[in-house]
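Observations on chain architecture
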Amino acid sequence: MNAATETLRFVRAQEVDAAPPPNLVRGPLAWIRENLFSGPVNTILTLIALYLIYILFPPIIRFLFIDAVWTGSNRDACRPDTAGHAVGACWAYIWSKLNYFIYGSYPAAERWRVNLFFLLLAVGVAWMLWLDAPKRAWGAVYFFAVFPILAFVLLTGSDWLRLSHVPTSLWGGILVTIVVSTVGIVFALPLGIVLALGRRSKLPIIRIFSVIFIEFVRGVPLITVLFMANTMLPLFLPEGVTVDRLLRPLVGVAIFASAYMAEVVRGGLQAIPKGQYEGAMSLGLNYWQMNVFIVLPQALKIVIPGIVNTFIGLFKDTTLVAIVGIFDLIRTIEASRVDPNWSAPTINATGYAFAAMFYFVFCWGMSRYSIAVERRLAAGQHR
Amino acid sequence: MPTIAEQAPARASLLYDPKVRAIAYQVVLTVVVVGLIYTAASNAVANLRAARIASGFGFLNTTSGFDINQTLIPYSAAGSTYGEAFIVGLLNTLVVAVIGIFFATILGFTVGIARLSKNWMISKLAMVYVEVIRNLPLLLQLLFWYVAVLAALPGPRQAVNVGDMFFLSNRGLLLPAPILHTGARLIPAAFVIGIVATIVFARWARRQQEATGRQYPVGLTAVGLILGLPILVWLLIGLFVGNPITFDVPRLQGFNFRGGMQVFPEFVALLVGLTTYTAGFIAEVVRAGILAVSKGQTEAASALGLRPGHILRLVVIPQAMRVIIPPLTSQYLNLTKNSSLAVAIGYPDLVQIFMGTVLNQTGQAVEVVAITMAVYLTISLLTSAVMNVYNRRMAIVER
């Protein structure tokens, strides 16, 4: 027994040579090997990705920049037969139609009013979205009460201020897109809060009405709501009352967005611990005081990312008003791309590329903002 | 001075009694809602009478008098009714939704898994796809596919030709049309039998494994049964009776194609647009679901000695699916609802046929809007009812 253990004992008599240093653990080459060519499967995936990049990106870059036509006054600049070279995007067409894309047929002399509206909107949005802005409560009052009235007077005109009247049939382009989405958010958020409170109410009838409204609207496509607003709203009003063509889809969008907003807000309300409600009640606050001073400020803060995401969806959905005949950005592009003065092969694609850039910049910017807020709100959770 | 105990219990005035108030609020709300509905309805009745528009659902039995290019049931402008036009539209909506859901799921899962790939280039490509697709309006994407891509394709004479069988041109996609002969029905029957047999075999194999520990090749058997059985039936019929399915291949004659099966460009554009758009959202759902399974689960599974394939199949995927399925269903519903954007590019779906043409011809806005909304509502509510049952079954049972 002892002998056996003796023979198994092993003591190293001399040092082994040091192992060779692993080649390339840092530096760009090592990174490439680690992330792109670490095995046969990975190498094949990289080659597939390179092939996809090769077939996708050069044509896009050639279309947008290299072959693009930047100047010109009519279709001759953008037709390969007259221009004498391959033609990509025809930016000259966008440039010549830019005012139409932004203002629609809004009278040229009055366009400063639209610009002022954009400025007022930017102030309101910045005030609301900048979390450290001074006096944010006043910002909310401005955005949800003062600004809508100002914007309405500014855009439609008033005799008292000697602003000439501009019928909504002349509005168009980015102006309408912005108006529809602003009206959507300005009405949807308060309505959504009321609906969310209603859905969590202890009173059965109020709860049932809220649930029916929310589930009904969320169960049907926006386009049917818009058709309904377009055809049925005039029916529901007394004879002789006409509804503005632009107002109808606005009502539809506000109703639609408020149902989605209600569900977002409800998520925030559910996240507030019960102790907050009990604490507020033990202080003797009534229902509205409890919600306005204790619950909603906390609930709305945690759902800012959800609200922004809903708004991104709303902003994209405003394009659907084009289907019911409202001249938003998409409709102005659809109308101008058939202009014989600019009839060239790439006009369609150029128009869509322009709209795509517009929507992408706004939606992507908002989604970055929402991610940043999310990270900031979660900062306290990290240890 | 009376102590608190001696005081009579404070009788709050009726105005401050919470129970009375609760009832009062609900009565007021009911009165307001009913009043609004009543006013709207009576105005609608008066307006409709003034405009001399008929009411009721009788129009569903009147002859429609308009043509539809894509019909899954026999339909003609002269002989069919508005009711049949409704069925055609409903079927077209369902067809594009079902095929769209199928492809969007495949593409969405691929992109979602690609975003989590260790390969930097693949994950960045997937990220670019998701960001671009999700940040552009669907309507814009549909118009892009329809106007800028499909309408820009060459005409039938210069059509993209794949093996003299498939032709892609600005008239849409032309495929060989199958023609069924005697015995052709046995092939789908064999397919169904294959599926049933696979299910039976899989359950038997599982019971065997639980009892004895022996494993059977379920996957290979499934492929053999589901694919092999119909092919075998096809070959047998072909040998003894004659080929049960022949194909009518489209041929170019003059300026257009003859024969074959035409898939209209509107359908192609709508399908491609809906698929790529929804896939972007499904990719995010899948990514979130997989990330939601904690790393400890994978580590514990490998500590138990499971192989990577088994870890994925037995530990990660069942838990990820619990997170993925609810938002996935809502994406499926979104796709179905978004198919109503067909109206923008002229695909004859429910909204285009019913809320477009039928509404314009009859003017019966209330009935038409009510029927259309009822269809979408039914689909949504049915799906969410099924989802609730599923969620209850899948929910983690806590002690």
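What counts and how
- Residues numbered from 1 in each chain as written.
- Chains lettered and ligands numbered in written order.
- Predicted model: local features only at pLDDT ≥ 70, side-chain atom pairs only at ≥ 80, totals over all residues.
- Heavy atoms only, no water.
- Helix = DSSP H or I, 4+ residues; strand = E, 2+ residues; numbered from the N terminus.
- Rg over C-alpha atoms; globule rule 2.2 N^0.38 Å.
- Buried < 20%, exposed > 50% of the residue type's maximum accessible area, 1.4 Å probe, protein only.
- Contact = heavy atoms within 4.5 Å.
- Areas by Shrake-Rupley, 256 points an atom, 1.4 Å probe, with all protein chains shown as cover.
- Lys, Arg positive; Asp, Glu negative; His and termini not counted.
- Charge placed at Lys NZ, Arg CZ, Asp CG, Glu CD.
- Disulfide = S-S within 2.5 Å.
- Phe/Tyr/Trp six-rings, centres within 6.5 Å; stacked < 30°, edge-to-face > 60°.
- Lys NZ or Arg CZ within 6 Å of the ring centre and 35° of its normal.
- Core = buried A, V, L, I, M, F, W, Y, C linked by side-chain atoms within 4.5 Å.
- Buried area = accessible area lost by both parts, 1.4 Å probe.
- Salt bridge = Lys/Arg side-chain N within 4 Å of Asp/Glu carboxyl O.
- Axes fitted to C-alpha atoms, helices over the stretch in contact; angles between N-to-C directions.
- Parallel < 35°, antiparallel > 145°, perpendicular 65-115°, else oblique.
- Left-handed = near helix turned anticlockwise from the far one by under 90°.
- Pairing = 2+ DSSP bridges.
- Expected span 1.5 Å × (residues − 1).

Along the backbone of chain A there are 16 helices and 0 strands. Its C-alpha atoms give chain A a radius of gyration of 30 Å, clearly above 21 Å, the size a compact globule of 383 residues would have. Within chain A, the proportion of its 383 residues that are buried is 43%. Contacts spanning at least 24 positions in sequence make up 67% of the contacts within chain A whose residues lie at least 6 apart. Here chain A displays about 21,200 Å² of accessible surface, and carbon together with sulfur accounts for 67% of that area. The averaged location of the 20 negative side-chain charges in chain A is 6 Å from the averaged location of its 30 positive side-chain charges.

Helix and strand counts for chain B stand at 12 helices and 8 strands. At 29 Å, chain B has a C-alpha radius of gyration far larger than the 21 Å of a compact globule built from 399 residues. Seen along its three principal axes, the alpha-carbon backbone of chain B occupies a region of about 110 × 75 × 45 Å. Of all 399 residues assigned to chain B, the portion counted as buried reaches 38%. Nonlocal contacts in chain B, meaning residues at least 24 apart in sequence, comprise 67% of its contacts between residues at least 6 apart.

Note: disulfide means a covalent bond formed between the sulfur atoms of two cysteine side chains. Residues and elements named next belong to chain A. Within this structure, the stated rule accounts for 1 disulfide over all chains. What pairs with Cys78 in a disulfide is Cys90, and their sulfur atoms sit 1.9 Å apart. A torsion of 70° about the S-S bond marks the disulfide between Cys78 and Cys90 as right-handed. Placement of Cys78 in the loop between helix H3 (40-66) and helix H4 (80-83) and of Cys90 in the loop between H4 and helix H5 (91-103) is noted, with a sequence separation of 12 residues between them. Exposure remark for Cys78: the relative accessible area of 1% places this residue in the buried category.

Tracing the backbone through its elements, the reader meets Ala189 of chain B in helix H5 (residues 186-212). The spatial distance from the C-alpha of Ala189 of chain B to the C-alpha of Pro230 of chain B is 8.0 Å, given a sequence separation of 41 residues.

Moving on, we come to the packing of aromatic side chains. Counted by the stated rule, this structure contains 32 aromatic pairs over all chains. Centroid distance Trp31 of chain A to Trp120 of chain B: 5.3 Å. Interplanar angle 75°. Geometry classified as edge-to-face. Residue Trp31 of chain A is located in helix H2 (residues 28-36), and its partner Trp120 of chain B is located in helix H3 (residues 120-134); the two belong to separate chains. Under the relative-accessibility criterion, Trp31 of chain A is labelled partly exposed at 37%. Every member of this aromatic cluster is reached through a ring pair, and the members are Phe117, Phe118, Trp127, Tyr142, Phe143, Phe144 and Phe147 of chain A. Looking at Arg218 of chain A, its charged tip hangs above the ring of Tyr260 of chain A, at a distance of 5.5 Å from the centre.

A few words on the nonpolar core. One finds Phe117, Trp171, Leu269 and Leu329 of chain A to be the most contacted residues of the largest nonpolar core, which totals 165 residues. A total of 14 residues in this core trace back to one element, the largest contributor, which is helix H8 (residues 173-199) of chain A. Residues contacting Phe117 of chain A, with those up to four places away along its chain left out, are Phe147, Ala151, Leu154, Leu155, Leu175, Ile178 and Val179 of chain A. Ranked by size, the runner-up nonpolar core spans 10 residues in total, among them Ala49 of chain A together with Ile122, Leu125 and Ala283 of chain B.

So, about the interface of chain A and chain B. Across the contact, 55 residues belong to chain A and 50 residues belong to chain B. Here chain A packs against chain B, burying approximately 4,500 Å² in sum over the two surfaces, 77% of which is carbon and sulfur. The largest per-residue losses of area from chain A upon contact with chain B belong to Leu235, Lys316 and Tyr352 of chain A, which jointly make up 14% of the total buried on that side. Scanning the region where chain A abuts chain B turns up 1 salt bridge. The closest approach of N and O atoms between Glu131 of chain B and Arg368 of chain A, which form a salt bridge, is 3.3 Å. Here the element with the most residues in the side of chain A that touches chain B is helix H16 (residues 347-378) of chain A; it accounts for 11 residues.

Time to look at the packing of H5 of chain A against H16 of chain A. Residue and element names in this part refer to chain A. Here H5 crosses H16 at 55°, and the two axes come no closer than 10 Å. Here H5 is positioned oblique relative to H16, judged by the angle of their axes. For the crossing formed where H5 meets H16, the hand is right-handed. Here H5 contributes Trp91, Tyr93, Ile94, Leu98 and Phe101 to the contact with H16, which in turn contributes Ile347, Thr350, Gly351, Ala353, Phe354 and Met357.

Here we come to the sheet that holds strand E8 (residues 261-263) of chain B. All names here are of chain B. If you trace the 4 strands from one edge of the open sheet to the other, you get E1-E2-E3-E8, paired in antiparallel fashion. Looking at strand neighbours, the two that pair on one side only are strand E1 (160-162) and E8, the edges of this open sheet. Within the sheet, the average angular offset between the axes of one strand and its neighbour, ignoring direction, is 15°.

What follows deals with helix H6 (residues 111-129) of chain A. Residues and elements named next belong to chain A. The end-to-end C-alpha separation of H6 is 27 Å, in line with the 27 Å expected for 19 residues at 1.5 Å each. Among all positions of H6, only Arg111, Arg113, Val114, Phe117, Leu120, Leu121 and Gly124 are buried. Elements in contact with the buried residues of H6: H5, helix H7 (136-156) and H8.

The full count for this structure, using the stated rule, is 13 salt bridges over all chains. Residues Glu110 of chain A and Arg113 of chain A are paired through a salt bridge, measuring 2.6 Å at the closest nitrogen-oxygen approach. Each of the two residues, Glu110 of chain A as well as Arg113 of chain A, counts as buried. In this structure, the salt-bridge partner of Arg206 of chain B is Glu210 of chain B, at a minimum N-O distance of 3.9 Å. On the criterion of helical spacing, the pair formed by Arg206 of chain B and Glu210 of chain B is a turn pair, its members being 4 residues apart in helix H5.

Inspection of the secondary structure puts Ser210 of chain A in helix H9 (residues 204-219). Ignoring any residue separated from it by four or fewer positions in sequence, one finds Ser210 of chain A in contact with Leu195, Gly198 and Arg199 of chain A.

Next up on the list: unusual backbone geometry. Residues and elements named next belong to chain A. Phi at Lys135 takes a positive value of approximately 50°, unusual for a residue other than glycine. Within the secondary structure layout, Lys135 lies in the loop between H6 and H7. In this structure, Arg162 takes a positive phi of about 55° despite not being glycine. Here Arg162 is to be found in the loop between H7 and H8.

Let us look at the environment of Val96 of chain B. Residue and element names in this part refer to chain B. The residue Val96 is located in helix H2 (residues 82-115) in this model. In this structure Val96 comes out as buried when scored by relative accessible area, which is 0%. Residues Val96 and Leu382, 286 residues apart in the sequence, show an inter-C-alpha distance of 19 Å. The residues contacting Val96, other than those within four sequence positions of it, are Phe267, Leu270, Leu271, Leu274, Leu335, Ser339 and Tyr347.

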